[in-house]
Amino acid sequence: MVPAFFSKAMILFNCDYSEGAHADILRRMAETNMEQTAGYGEDPYCDQARKLIAGLCGRTDLDIHFLIGGTQTNFTVIAAALRPHQCVLCADTGHINVHESGAVEACGHKVSAIPSPDGKLTARQIEEAWHSHWDDETREHMPQPRMVYISQPTELGTIYSRKELQEISGVCRRRGLYLYMDGARLGYGLCDEDNDLDLPAIASLCDAFYIGGTKVGALFGEALVLRHEALKEDFRYIAKQKGGRLVVGDQDDRMPLGIQFLELFRDGLYFRLGAHADRLAVMLRDFCRSRGLALPFSSGTNQQFVTMPDSVLEELGRKYGFAYLRREDETHSTVRFCTSWATREEDVRELMADIARLC
């Protein structure tokens, strides 16, 4: 449906990391390129970024670590949290279950997937999964649930409300489960038109979460926030063991992680970038609805899933990159169009014009 490679002439909506980094980040990195700093995240820029993020979360009891990418952050946190016989619960569409090549399992922990039509877990599902284990007299023969993994937004572009997160957090605390939020696209979730969560709420309700930079304007990097005391212990040892500590001043080819997050959060750039991508995605969403096309998930984020005739998708695939999700019937499939912090409005309007012509 979509070409296996992209020509230079193609307009890409297949993911939100097709571009490099925001110009402000590149400028600041160039300005500091020749400075000598301490290694392993102990440089002044990382310290400033930690203080800035902690302030945005409204807490002073947080440990903040900078890691390289989302998959690495996920398996490092899970490896730090779980003993060898324990598992992590997630939605069946969760990134750790579908898109990380078994990274968590490779570290020795089972991912126990729970069916979810919209990519979200409910407090009731978590409660049932806990009881399913602990009410079974043969439980010692099965992995023990110890962590719940969720994403904000989910892989389907949906978001958790404050009420839903409060309910999930409540179950996790009653049942002794760590609650961990994957925030690879958190900037787009926070800027969703229907979002009622903010960083202070997430920091108080989750035991750990990360703020994604790779998909929201940075060259690479994720800011991991740890609140639960047990997760903080020896985390730097585990991050080093898992390859999560960059060698020189938190740099690779002189690209500091701390500087990137300082630029993203110093004056609200992170939120402006998220709002930009969401606005363009919602514009595309509303247009598709106006053309009578089905959108199987309710999303106000930068990920929009649209069901179209295969013949239309084949034609669009010659000009645009997009991600295939699933077949709906003999002649229709659902695909994902993904905007980013760098998407141009004229490209979205061009896509809309071609959809109008073909549909």
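Before reading further, recall that the structure is shown in the block above.
Residues numbered from 1 in each chain as written. Predicted model: local features only at pLDDT ≥ 70, side-chain atom pairs only at ≥ 80, totals over all residues. Heavy atoms only, no water.

(A) How the structure looks around the environment of I168. Along the chain, the position of I168 falls in helix α7 (residues 162–175). I168 sits in the buried class, given a relative accessible area of 0%. Between the C-alpha atom of I168 and that of A123, which follows or precedes it by 45 residues, the distance is 4.5 Å. (Helix = DSSP H or I, 4+ residues; strand = E, 2+ residues; numbered from the N terminus. Buried < 20%, exposed > 50% of the residue type's maximum accessible area, 1.4 Å probe, protein only.)

(B) Main features of the packing of helix α2 (residues 44–57) against helix α12 (residues 257–266). Running from N to C, α2 and α12 cross one another at 35°; their axes reach a closest spacing of 8 Å. Note that α2 runs across α12; the crossing there is left-handed. Taken together, the residues of α12 that come into contact with α2 (itself represented by Y45, C46, Q48, A49, L52, I53 and L56) are G258, I259, F261, L262, F265 and R266. Classifying every residue of the contact of α2 with α12 gives ten nonpolar, two polar and one charged. (Axes fitted to C-alpha atoms, helices over the stretch in contact; angles between N-to-C directions. Left-handed = near helix turned anticlockwise from the far one by under 90°. Contact = heavy atoms within 4.5 Å. Nonpolar A, V, L, I, M, F, W, Y, C, P; charged D, E, K, R; others polar.)

(C) Summary view of the sheet that holds strand β8 (residues 222–226). On the basis of which strands lie adjacent, the open sheet formed by seven strands has the order β2-β8-β7-β6-β5-β3-β4 and mixed pairing. The open sheet has two edge strands, β2 (63–67) and β4 (111–114), and neither has a second partner. Neighbour to neighbour, the strand axes of the sheet diverge by 25° on average, direction disregarded. Looking at chain direction, strand β3 (residues 86–91) and strand β5 (residues 144–151) are connected through four bridges and run parallel. Paired with L89 across the strands is V148, a residue of β5. In the packing of α2 onto the sheet, the strands contacted are β2, β7 (208–212) and β8, and the crossing angle to β2 comes to about 125°. Taken strand by strand, helix α3 (residues 70–81) contacts β2, β3, β5, β6 (178–182), β7 and β8, and its axis lies near 175° from that of β6. (Pairing = 2+ DSSP bridges.)

(D) Molecular detail of α2. Here α2 is 14 residues long and its end C-alpha atoms lie 20 Å apart, about the 20 Å a rise of 1.5 Å per residue gives. Buried within α2 we find Y45, C46, A49, R50, I53, A54 and C57. Seen along its axis, α2 keeps its buried residues to an arc of 165°; they face one direction. Facing away from the buried side of α2 by over 90 degrees, the exposed positions are K51 and G55. Next to the buried residues of α2 lie α1 (23–31), β2, α9 (199–205), β7, β8 and α12. Backbone geometry just after α2 places G58 at a positive phi near 70°. (Expected span 1.5 Å × (residues − 1). Arc of directions from axis to C-beta.)

(E) Structural detail: the environment of E346. Looking at the secondary structure, you find E346 in helix α15 (residues 345–358). Separated by 66 residues in sequence, E346 and L280 have C-alpha atoms that sit 9.9 Å apart.

(F) Structural view of the pairing of β5. Of all eight residues making up β5, seven are buried, and the element is well covered by its neighbours. Sheet topology note: the β5/β6 ladder contains five bridges and is parallel. Residue S151 lies in a different strand from β6, and its bridge partner there is D182. In this fold, β5 hands off to α7, which returns the chain to β6; that crossover is right-handed. (Right-handed = clockwise from strand over helix to strand, strands pointing away.)

(G) Quick look at the pattern of salt bridges. All chains considered together, the criterion is met by 29 salt bridges. Across the salt bridge formed by E127 and R175, the nearest N and O atoms sit 2.6 Å from each other. Within this pair, whereas E127 is found in helix α6 (residues 123–134), its partner R175 is found in helix α7, the two being separated by 48 residues in sequence. Judged by its relative accessible area of 16%, E127 is buried. Owing to a relative accessible area of 26%, R175 belongs among the partly exposed residues under this scheme. (Salt bridge = Lys/Arg side-chain N within 4 Å of Asp/Glu carboxyl O.)

(H) The pairing of β6, seen in detail. Summarising burial for β6: five of the five residues are buried, a large majority. Burial of β6 is two-sided: the residues Y178, Y180 and D182 facing one way and the residues L179 and M181 facing the other way are all buried. Two elements, β6 and β7, share two bridges in a ladder whose sense is parallel. In the sheet register, Y180 faces β7, and the bridge partner there is A208.

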